[in-house]
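Analysis of the macromolecular model
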Amino acid sequence: MEIKNSKELKKYNRYIILNQIIERQPISRTELAEILNVSHTTISQLVKELIEEDLVVESYTKSTGGRPPKILSFKGYNKYIITLSFKETVISLAIFDLNFKLLHAEKINVKDNELTGLIEVIGDVLERLILEKKIKKKQILAMGISVPGIYKDNQDLIISSTAPYLNGQSLMKKIKNKVDFCPVFIQNDANIAVHYEWNYMLKKRYDNLIFIYIGDGIGSGIIIGNKLYSGSHGNAGELGHMQVKSTGKRCICGGTGCLEMLSSIKAIENEFKEKVYFTIDEIIKGYLSGEEKCKRVIDRAVKYFARALSSMVSFFDPEIIILGDFHNLYRGKIKDKLEEEMKKSHIFCVEDRPELILRNDRGDYQFSALYIYVFEHWKKEI
Ligand SMILES: [Zn+2]
């Protein structure tokens, strides 16, 4: 963080003090001053502000004699973060308190709706929940939204989304018509996932990592040197549009030979138009029982996916790659096959090959990932 003036220095100090209180609570002012190497006067002044703003609470420890020392804790239970996870057919809404406790989750189905209509529905659901849960709007401190596709925040524009109702839309402007009481953060879903892995799941043990999401599309989130890398225009990580073949079906991006047209769930299912096998799970079953067509399609998907992964490894030299296990595509035998294919790629030192792990990214994963992203950003903004 670059600090240009005293106002920014104060903001930075508030952030590191609050962060330490959250991580090490309960903690005394003296301990804070020692850990952060910040003067007692600064600590006292900023802690006073945080108490006045109801973010920090003070209590007394048991003392064996003399005056009992005062200790500080974070007051997260009566403040909230709302998360909205947009997908092609469903929008998942969740409410967390600031102690990372999930209070409520529900799904809003997307039928043939336009985005404007969907935002009306979201607004109604929010109004209902605020009443039901007896939450005041001023207690909602931030909202986070994850979207499939590229979100260009300088233009407030979504492109290359697998959810057609989001393409070409200015989501921030539209959501702000309903949510004008707190800051809103919008981010691509794979970026949210890689941030969650780095910050929370893997506890910042890795500096360079890649999360790959395989669903109807294929996308990735990249962290390099402990920072999210989204490129000069927000387009980095569009792994699904890496050209892995010189010919093939035309992709939504206008190109041919894109990875997404060969190795995504949708691409695999589209090979079975005659409907002998309806879903990816049935196709995988067919593969495991040695059915010829299933084997051919999956082997091809794995081969090209491994090729794209090898290129990613050459470009970024990550320590670890996390595969979101959407539809269980890369489980068991198929993961072995992927690793076998990866071994064929050229790498100078075998020991530099990144670790490859599978992550169940269903259930509460998306909510939690989004919560952590918003919470971390909110702390820096207060
Ligand atoms: Zn493409």
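Residues numbered from 1 in each chain as written. Predicted model: local features only at pLDDT ≥ 70, side-chain atom pairs only at ≥ 80, totals over all residues. Heavy atoms only, no water.

Filter applied, for reference: UniProt positions are given in the numbering used here, feature names are shortened, and annotations may be inferred rather than shown by experiment.
For the protein chain, an unreviewed UniProt entry supplies the name ROK family protein and the organism Iocasia fonsfrigidae. Per UniProt, the protein chain carries the Function (unreviewed entry) text "Transcriptional repressor of xylose-utilizing enzymes."

**Describing the overall build of the protein chain**
What counts, and what does not: Each helix is a run of DSSP H or I of at least 4 residues and each strand a run of E of at least 2, with the numbering of both proceeding from the N terminus. Per-residue accessibility, obtained with a 1.4 Å probe over protein chains only, is compared with the maximum for each type, and a residue is labelled buried under 20%, exposed over 50%, and partly exposed between these values. A contact between two residues is defined here by any heavy atoms of the two lying within 4.5 Å. Each accessible area is a Shrake-Rupley estimate made with a 1.4 Å probe; only the visible protein chains count as cover when residues are assessed. Only four residue types enter the tally: Lys and Arg on the positive side, Asp and Glu on the negative side; His and the chain ends are excluded. The atoms used to mark charge sites are NZ of Lys, CZ of Arg, CG of Asp and CD of Glu.
Within the protein chain one finds 12 helices and 14 strands. Burial analysis of the protein chain (382 residues in total) assigns 50% to the buried set. Look at the contacts in the protein chain between residues 6 or more apart in sequence, and 58% of them connect residues 24 or more apart. For the protein chain, the computed accessible surface area is about 19300 Å², with 50% contributed by carbon and sulfur atoms. Placing the 56 positive and 50 negative side-chain charges of the protein chain at their respective mean positions leaves the two points 2 Å apart.

**What about the nonpolar core?**
As a reminder of what qualifies: To define a nonpolar core, start from buried Ala, Val, Leu, Ile, Met, Phe, Trp, Tyr and Cys residues and group those joined through side-chain atoms within 4.5 Å.
Ranked by internal contacts, the top residues of the largest apolar core, which has 50 residues, are Ile17, Leu32 and Leu209. A total of 10 residues in this core trace back to one element, the largest contributor, which is helix H12 (residues 365-381). Setting aside residues up to four positions removed in sequence, Leu209 forms contacts with Val194, Glu197, Trp198, Leu202, Gly221, Ile222, Ile223, Pro318, Ile320 and Ile322. Of all hydrophobic cores here, the second largest spans 35 residues; its members include Ile222, Val244, Ile265 and Ile334.

**Focus on the coordination of the zinc ion**
Geometrically, a metal with four donors at the corners of a regular tetrahedron has ideal angles of 109.5 degrees, and one with six donors at the corners of a regular octahedron has ideal angles of 90 or 180 degrees. The test is simple: Each metal's donors comprise the N, O and S atoms found within 2.8 Å of it (within 3.2 Å for Na, K or Ca). Water is not part of the atom list, so some coordination spheres may appear incomplete. Here a site with four donors is tetrahedral if all angles are between 85 and 135 degrees, and a site with four or six donors is square planar or octahedral if opposite donors are over 155 degrees apart and the other angles are between 65 and 115; anything else gets the irregular label.
Those donors, His241 (ND1), Cys251 (SG), Cys253 (SG) and Cys258 (SG), are the protein atoms that reach the zinc ion, and they lie 2.0 to 2.4 Å from it. For the zinc ion, the 4 donor atoms in the first shell make angles of 100 to 127° at the metal, so the coordination geometry reads as tetrahedral.

**With respect to the sheet that holds strand E14 (residues 355-359)**
Sheet strands pair by backbone hydrogen bonding; their relative direction is either parallel or antiparallel. Worth spelling out the cut-off: One bridge is not enough; two strands pair if DSSP finds at least two bridges between them.
Across the sheet, which stays open at both edges, the 5 strands sit in the order E12-E11-E10-E13-E14 with mixed pairing between neighbours. In this open sheet, the two strands that pair with only one neighbour each are strand E12 (227-228) and E14. In the sheet, strand E10 (residues 209-214) pairs with strand E11 (residues 218-224) via 6 bridges, with the strands oriented antiparallel. Bridging from a neighbouring strand, Ile210 pairs with Ile222 of E11.

**Quick word on the packing of aromatic side chains**
Stated precisely, the cut-off is as follows: Ring geometry is summarised as follows: Phe, Tyr and Trp rings, the Trp one being its six-membered ring, pair when their centres sit within 6.5 Å, and such pairs are stacked at plane angles under 30 degrees, edge-to-face over 60 and tilted between the two. For a ring to carry a charge above it, either NZ of a lysine or CZ of an arginine must fall within 6 Å of the ring centroid while also lying within 35 degrees of the normal to the ring plane.
This structure, assessed with the given rule, holds 12 aromatic pairs. With 5.4 Å between their ring centres and 85° between their planes, Phe100 and Tyr200 make a pair best called edge-to-face. With a gap of 100 residues between them, Phe100 in the loop between strand E4 (90-97) and strand E5 (102-109) and Tyr200 in helix H6 (residues 189-201) connect regions that are remote in the sequence. Overall, Tyr200 belongs to the partly exposed group, its relative accessible area being 31%. Where Phe315 meets Phe316, the ring centres are 6.3 Å apart and the plane angle is 90°; that geometry is what we call edge-to-face. When its relative accessible area of 61% is taken as the criterion, Phe315 is described as exposed. With a relative accessible area of 27%, Phe316 lands in the partly exposed category. Following the ring pairs from residue to residue traces out a cluster consisting of Phe74, Phe96, Phe100, Tyr196, Tyr200, Phe211, Tyr365, Tyr371, Phe375 and Trp378. Here Lys203 stacks its cationic end above the ring of Tyr200, 4.1 Å away from the centre of that ring. Over the face of the ring belonging to Phe272 we find Lys293, whose NZ or CZ atom lies 4.9 Å from the ring centre.

**Describing the pattern of salt bridges**
This is how the line gets drawn: For salt bridges, the criterion is a side-chain nitrogen of Lys or Arg within 4 Å of an Asp or Glu carboxyl oxygen.
Tallied over the entire structure, the rule returns 19 salt bridges. Here Arg14 ties to Glu49 by a salt bridge, and the two come within 3.0 Å at their closest N and O atoms. With Arg14 in helix H1 (residues 6-24) and Glu49 in helix H3 (residues 40-52), this pair connects stretches of sequence that are 35 residues apart. Neither Arg14 nor Glu49 differs from the other in exposure class; each is buried. Put simply, Lys335 and Glu339 hold a salt bridge, and the shortest N to O gap is 3.6 Å. On the criterion of helical spacing, the pair formed by Lys335 and Glu339 is a turn pair, its members being 4 residues apart in helix H11 (residues 332-343). Owing to a relative accessible area of 18%, Lys335 belongs among the buried residues under this scheme.

**Section: a negative patch on the surface**
For clarity, the cut-off: Patch membership requires over 30% relative accessible area and the absence of a salt bridge. Like charges are linked within 9 Å, and nonpolar side chains (Val, Leu, Ile, Met, Phe, Trp, Tyr) within 5 Å.
Judged by side-chain charge, Asp207, Asp317, Glu319, Glu351 and Asp352 come together as a negatively charged surface patch. If you trace the backbone, Glu319 turns up in the loop between helix H10 (292-316) and strand E13 (320-324). The partly exposed category is assigned to Glu319, whose relative accessible area is 32%.

**Quick notes on the side chain of His195**
Within the element layout of this structure, His195 appears in helix H6. Among all residues touching His195, those that are not within four sequence positions of it are Tyr200, Ile223, Ile372, Tyr373, Glu376 and His377.

**Brief notes about the domain arrangement of the protein chain**
Accessible area lost on assembly of the parts is the figure often given for the size of an interface. Our working definition: The domain boundaries here were taken from an automatic or database domain assignment. Once two parts are put together, the accessible area they lose, assessed with a 1.4 Å probe and summed over both, is termed the buried area. Pairing of N or O atoms within 3.5 Å defines a polar contact, subject to two protein rules: one partner must be a possible hydrogen donor and the other a possible acceptor, and residues neighboring in sequence count only if both atoms are side-chain atoms. The residue classification treats Ala, Val, Leu, Ile, Met, Phe, Trp, Tyr, Cys and Pro as nonpolar and Asp, Glu, Lys and Arg as charged. All others, Gly included, are polar.
Each domain of the protein chain was delimited in the assignment, giving domain 1 (6-74), domain 2 (80-192 + 365-381) and domain 3 (203-359). Domain 1 puts 7 residues into the contact, and the matching count from domain 2 is 8 residues. It is Lys11, Tyr15 and Phe74 in domain 1 that bury the most area against domain 2; as a group they hold 64% of the surface buried on that side. Along the contact surface separating domain 1 from domain 2 lie 1 salt bridge. One salt bridge connects Glu381 with Lys11, and the closest N-O pair in it is separated by 3.7 Å. Between domain 1 and domain 2 we count 1 residue pair in polar contact (both at pLDDT 80 or more) in total. Ranked by residue count, the leading element in the side of domain 1 that touches domain 2 is H1, at 5 residues. Broken down by class, the residue content of the side of domain 1 that touches domain 2 amounts to 5 nonpolar, 1 polar and 1 charged.

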